[in-house]
Amino acid sequence: MPEARLHDGSTITIEVYGQGPDLLLPVKPQPAEGPLAEQMRQYGTDPALGQSLIRGLSDIVRVVAFDFEGHVMRTPQTTTLTPDNAACDLLAIADAAGAQRFAYYGYSWLAVLGLQLAIRTDRLSALVMGGFPPLDGPYKEMLTVTNATYEMTSGARSSQAPEESEWSEVGLALDQTRQFLTLYQALQHFDDRAAQEHLRCPRLCFAGSTDKIQYDIRWDNTLVDIASPIIRERSHLESLGWDVRILDGLDHIQAMQPTHVIPILRPWLSFLKRRSA
């Protein structure tokens, strides 16, 4: 299996499946097992999410799979997880996989990285953003949430939950949290409206219609609203060249599951494949 060397000197393993146009897919190829798998099921997440996406797409594209999230959790990029460095890392992964031109699909914060990549390279053949809006993204809110999490992890803020909820657990180490604080601090002056003119490749965005995460008082009662900007700006996004899909009744976790993602990606990527043939 090929490996790519990232900006911090660490290496990440890459797995390649199928043939055809290249698709960079930042997912864990192997299913989770044991207690972690059970915990994922309780939250409504497929323990084999990455594997399911690979199986569902590798007959129409050459999937370049790499567990970027797992990598930065194991090897935190504490002060260097910036948009510039992330884009360089993704290009290094593409180079290691022999992908000169490639599509990219990322969900949530990995979609954020995809948009940052798209404005920094002309090598993208297509961009898919799931679970994060291309316009009016909640960068300020994500900084508030991430900063509060960092303060709780460091002990500067109480982490005692007023009541248990889906979002009651912090669950990250200090250096893991610090890297996401670095990322969202670097994105505070990012103008996603101005960025649109720099996007040239075909692009698709999608989200669940109920993708709104309400955090409790420990996170300053912050609402991270993913769905509303996409729903509100749908016509504008389409006029800018985006294909838009809204998944009715689904939240952030539900909309990332392969049973919903594959039916969106397969026809869209197949169309691109035919058009480029």
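In the block above lies the structure referred to throughout.
Below you will find a few notes about this structure. (Residues numbered from 1 in each chain as written. Predicted model: local features only at pLDDT ≥ 70, side-chain atom pairs only at ≥ 80, totals over all residues. Heavy atoms only, no water.)

**As for the overall build of the protein chain**
Turning to step 1, where the next piece is worked out: When its secondary structure is counted, the protein chain shows eleven helices and eleven strands.
Turning to step 2, where the next piece is worked out: If you line up the protein chain on its principal axes, its C-alpha atoms span 55 × 40 × 35 Å.
Turning to step 3, where the next piece is worked out: Burial status across the protein chain gives 51% buried among its 277 residues.
Turning to step 4, where the next piece is worked out: Look at the contacts in the protein chain between residues 6 or more apart in sequence, and 74% of them connect residues 24 or more apart.
Turning to step 5, where the next piece is worked out: Roughly 12300 Å² of accessible area belongs to the protein chain as shown, and the carbon and sulfur atoms make up 49% of that amount.
Turning to step 6, where the next piece is worked out: A distance of 7 Å separates the average location of the 24 positive side-chain charges in the protein chain from that of its 34 negative side-chain charges. (Helix = DSSP H or I, 4+ residues; strand = E, 2+ residues; numbered from the N terminus. Buried < 20%, exposed > 50% of the residue type's maximum accessible area, 1.4 Å probe, protein only. Contact = heavy atoms within 4.5 Å. Areas by Shrake-Rupley, 256 points an atom, 1.4 Å probe, with all protein chains shown as cover. Lys, Arg positive; Asp, Glu negative; His and termini not counted. Charge placed at Lys NZ, Arg CZ, Asp CG, Glu CD.)

**Here's the deal with the environment of Cys205**
Turning to step 1, where the next piece is worked out: Relative to the helices and strands, Cys205 is located in strand S8 (residues 203-208).
Turning to step 2, where the next piece is worked out: Judged by its relative accessible area of 0%, Cys205 is buried.
Turning to step 3, where the next piece is worked out: When the C-alpha atoms of Cys205 and Leu135 are compared, they prove to be 10 Å apart, with 70 residues separating the residues in sequence.
Turning to step 4, where the next piece is worked out: Excluding residues that lie within four positions of it along the chain, Cys205 makes contacts with Met129, Pro134, Ile230, Leu237, Trp242, Asp243, Val244 and Arg245.

**Structural notes on the sheet that holds strand S3 (residues 15-17)**
Turning to step 1, where the next piece is worked out: One open sheet holds the seven strands; their spatial order is S3-S5-S4-S6-S7-S8-S11, and the pairing between them is mixed. Of all strands in the sheet, those with a lone pairing partner are S3 and strand S11 (242-247), marking the two edges. Strand-to-strand, the axes of this sheet are offset by a mean angle of 15°, without reference to chain direction.
Turning to step 2, where the next piece is worked out: Direction of pairing for S8 relative to S11: parallel, over a ladder of six bridges. Residue pairing in the sheet places Gly208 in a bridge with Leu247 of S11.
Turning to step 3, where the next piece is worked out: Along the sheet face, helix H4 (residues 83-96) touches strand S4 (22-25), strand S5 (62-65) and strand S6 (102-107) and points at about 130° away from the line of S6. (Pairing = 2+ DSSP bridges. Axes fitted to C-alpha atoms, helices over the stretch in contact; angles between N-to-C directions.)

**Some points on the packing of helix H6 (residues 139-154) against helix H7 (residues 174-186)**
The description of two helices packed together rests on the angle between their axes and the distance between the axes.
Turning to step 1, where the next piece is worked out: Put simply, H6 and H7 touch, their axes get as near as 9 Å, and they point 155° apart. With respect to each other, H6 and H7 are oriented roughly antiparallel. Classified by chirality, the crossing of H7 by H6 is left-handed. Here H6 contributes Met142, Leu143, Thr146, Asn147, Thr149, Tyr150, Thr153 and Ser154 to the contact with H7, which in turn contributes Leu174, Thr177, Arg178, Phe180, Leu181, Tyr184 and Gln185.
Turning to step 2, where the next piece is worked out: Residue composition of the contact of H6 with H7, by class: seven nonpolar, seven polar and one charged. (Parallel < 35°, antiparallel > 145°, perpendicular 65-115°, else oblique. Left-handed = near helix turned anticlockwise from the far one by under 90°. Nonpolar A, V, L, I, M, F, W, Y, C, P; charged D, E, K, R; others polar.)

**A short note on the pairing of strand S7 (residues 124-130)**
Turning to step 1, where the next piece is worked out: For S7, a buried count of six out of seven residues is recorded, marking the element as mostly surrounded by other parts of the structure.
Turning to step 2, where the next piece is worked out: Bridge analysis of S6 against S7 gives six bridges, and the strand direction is parallel. Within S7, the position partnered with Phe102 by the bridge is Leu124.
Turning to step 3, where the next piece is worked out: Pairing of S7 with S8 involves four bridges; the strand directions are parallel. Bridging across to S8, Val128 finds its partner in Leu204.

**Description of the nonpolar core**
Turning to step 1, where the next piece is worked out: One finds Phe68, Ile93, Tyr104, Trp109, Leu113 and Leu127 to be the most contacted residues of the largest nonpolar core, which totals 59 residues.
Turning to step 2, where the next piece is worked out: Here the element with the most residues in this core is helix H5 (residues 109-118); it accounts for eight residues.
Turning to step 3, where the next piece is worked out: Grouped together as the second largest cluster of nonpolar side chains are 28 residues, Leu49, Val63, Ala103 and Phe206 included. (Core = buried A, V, L, I, M, F, W, Y, C linked by side-chain atoms within 4.5 Å.)

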